[in-house]
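The lines below spell out each chain.
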Amino acid sequence: MKAADIRNLSVEEIKAKLAEEKANYDSLKLTNAVSPVGNPIGIRDLRRTIARLNTVLNEKQS
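Bear in mind the structure is a predicted one, so any value in this text is a computation, not a measurement.

## Things to note about helix α2 (residues 11-34)
Taking 1.5 Å per residue as the helical rise, α2 with its 24 residues ought to reach 34 Å, and the 35 Å between its terminal C-alpha atoms agrees with that figure. Its buried side turned inward, α2 meets α1 (3-7) and α3 (41-61).

## A word on the side chain of Glu-21
By the element assignment, Glu-21 lies in helix α2. With residues up to four places along the chain from it excluded, the contact list for Glu-21 reads Leu-46, Thr-49, Ile-50 and Leu-53.

## Let's talk about the nonpolar core
Among the nonpolar cores identified, the biggest contains 11 residues, and these are Ile-6, Ile-14, Leu-18, Tyr-25, Val-37, Ile-43, Leu-46, Ile-50, Leu-53, Val-56 and Leu-57. Leave out the neighbours within four places in its chain, and Ile-6 touches Met-1, Ile-14, Arg-52, Leu-53 and Val-56.

## Here's the deal with the environment of Met-1
With respect to the secondary-structure elements, Met-1 resides in the segment before α1. Remark: the alpha-carbon pair of Met-1 and Arg-52, spanning 51 residues in sequence, is separated by 8.4 Å. Apart from residues lying up to four places away in sequence, Met-1 is in contact with Ile-6, Leu-9, Lys-17, Thr-49 and Arg-52.

Calculation notes
Residues numbered from 1 in each chain as written. Predicted model: local features only at pLDDT ≥ 70, side-chain atom pairs only at ≥ 80, totals over all residues. Heavy atoms only, no water. Helix = DSSP H or I, 4+ residues; strand = E, 2+ residues; numbered from the N terminus. Expected span 1.5 Å × (residues − 1). Contact = heavy atoms within 4.5 Å. Core = buried A, V, L, I, M, F, W, Y, C linked by side-chain atoms within 4.5 Å. Buried < 20%, exposed > 50% of the residue type's maximum accessible area, 1.4 Å probe, protein only.

Following this line, the structure appears as structure tokens:
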């Protein structure tokens, strides 16, 4: 998800998306610990998406 797309969302939508992405990240990370996932780049992409969501959320709240 691009930062421009995230900026078009409301604060509540960003918080909901952030919770969803964190749950996906935790699940994928646990799955990878048990047995390697087919696409480890997905873990990095989720982490970066979470960072983008946090950044835009902080911008909107201040």
